[in-house]
Amino acid sequence: MIKTDILIIGAGPTGLFTVFEAGLLKLKCHLIDALPQPGGQCSEIYPKKPIYDIPGFPEILAGDLTNNLLEQGKQFEPGFTLGERAETIEKQDDGSFIVTTNKGTQHHAPVVAIAGGLGSFEPRKPAIEGIADYEDKGVEYIIKDPEFYVNKRVVISGGGDSALDWSIFLTDVASEVTLIHRRNEFRGALDSVEKVGELTRAGKINLVTPAEVKELHGDGKIEAVTYVRDGESFQIETDHFIPLFGLSPKLGPIGKWGLEIEKNAIKVNNAANYQTNIPGIFAIGDVNTYPEKLKLILCGFHEATLMCQAAYRIINPGKKYVLKYTTVSGIDGFDGSRKEAPKAVVQAIN
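Residues numbered from 1 in each chain as written. Predicted model: local features only at pLDDT ≥ 70, side-chain atom pairs only at ≥ 80, totals over all residues. Heavy atoms only, no water.

Draft legend 1. How the structure looks around the packing of aromatic side chains. This model, assessed by the stated rule, comprises nine aromatic pairs. Ring centres of Phe76 and Phe334 lie 5.3 Å apart, and the angle between their planes is 70 degrees; on these two criteria the pair is classed as edge-to-face. Of this pair, Phe76 sits in the loop between helix H3 (62–73) and strand E6 (79–82) while Phe334 sits in the loop between strand E24 (331–332) and strand E25 (338–339); the two residues are 258 residues apart in sequence, bridging distant segments of the chain. Residue classification places Phe334 among the partly exposed positions, given a relative accessible area of 25%. On the basis of an interplanar angle of 85 degrees and a centroid distance of 5.2 Å, the ring pair of Phe148 and Tyr149 is categorised as edge-to-face. Accessibility expressed as a relative area gives 47% for Phe148, which makes it partly exposed. Taken together, the ring pairs connect Phe17, Phe20, Phe76, Phe301 and Phe334 into an aromatic cluster. One cation-aromatic arrangement involves Arg229 over Phe234; the distance from NZ or CZ to the ring centre is 5.5 Å. (Phe/Tyr/Trp six-rings, centres within 6.5 Å; stacked < 30°, edge-to-face > 60°. Helix = DSSP H or I, 4+ residues; strand = E, 2+ residues; numbered from the N terminus. Buried < 20%, exposed > 50% of the residue type's maximum accessible area, 1.4 Å probe, protein only. Lys NZ or Arg CZ within 6 Å of the ring centre and 35° of its normal.)

Take a look at the structure:
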């Protein structure tokens, strides 16, 4: 049985920042995530894409943000149960909770913070016969490491930001990039659409519109795809076919925990501290919903901060916490480290 003060379900940016805010209150955290590494979507879906709305960082790669958050929280020695999905939750007589994963690992805590982002993700797969036979054999639905495509021929299918951005990025990595979309118009950032146009005119992207990939070919791995344009079929040789049609979020087992759900998100009391309809269980970040909710990482950071204050009151009933700025109080890590601003030196001027 793993025991902690706050059990965090989801090790994305919001969950990772919770470790730091809880640590300031001398509260220990343990995180559960179905992914094999921390970072959530930032690590799994777009580690090499820049984020522009993190305070203090005009631009930061999603993977670097994850690394920074891990470094920031390291002094508070969080525990991790990775590669396991939170499956069941049982409320105890004393108001605490036992959460068990799909692999049987049990966790006990007085407070549970659900920070599961948009839930678990499943790629939207195109209706192409036999596509499952080529998965991980040339068909990928998520680009995790661009270096995987060095000097390879790549066919990307899709018309959104991911298809545009990765087509642009891979022109400097792959030997050949083809972008196929069923419409002439793209639903993505205007500058990305313009950039794809420039690269197409420069001969660095082979843009095929309006067209749709209908067949896959290869002996044990992808060797070619067939697309249809204006009623005619064309075949193009390739090493990789990457359909980027988005991801379908699902709450998974959390949706069966008796929490109040609205449009695949957990309803919380945003007027106070983002607690759910079950006292002691909070939901922070993209997984929650309330009036005027914005699904932004920076909003998740704010929600995590207020949630930790409420968790402190649950774990320490009757004990008042006096907020002190870290510039004044410094930070004492659970690992014995201390960070503090240099003290003023009293010195006379001769």
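Draft legend 2. Seen up close, the pattern of salt bridges. Taken as a whole and assessed by the stated rule, the structure comprises 12 salt bridges. Where Lys267 meets Glu260, a salt bridge forms, and the shortest distance between an N and an O atom there is 3.5 Å. Ionic pairing is found between Glu340 and Arg338, a salt bridge with its closest N-O pair at 3.4 Å. On the basis of relative accessible area, Arg338 is assigned to the partly exposed category, the value being 39%. One salt-bridge network, held together by shared partners, links Arg153, Glu237 and Asp239. (Salt bridge = Lys/Arg side-chain N within 4 Å of Asp/Glu carboxyl O.)

Draft legend 3. The sheet that holds strand E17 (residues 232–237), seen in detail. Ordered by their spatial adjacency, three strands build an open sheet running E15-E16-E17, and the pairing between neighbours is antiparallel. Each edge of the open sheet carries a strand with a single partner, namely strand E15 (212–217) and E17. Neighbour to neighbour, the strand axes of the sheet diverge by 25 degrees on average, direction disregarded. Pairing geometry for strand E16 (residues 224–229) and E17, over six bridges, is antiparallel. (Pairing = 2+ DSSP bridges. Axes fitted to C-alpha atoms, helices over the stretch in contact; angles between N-to-C directions.)

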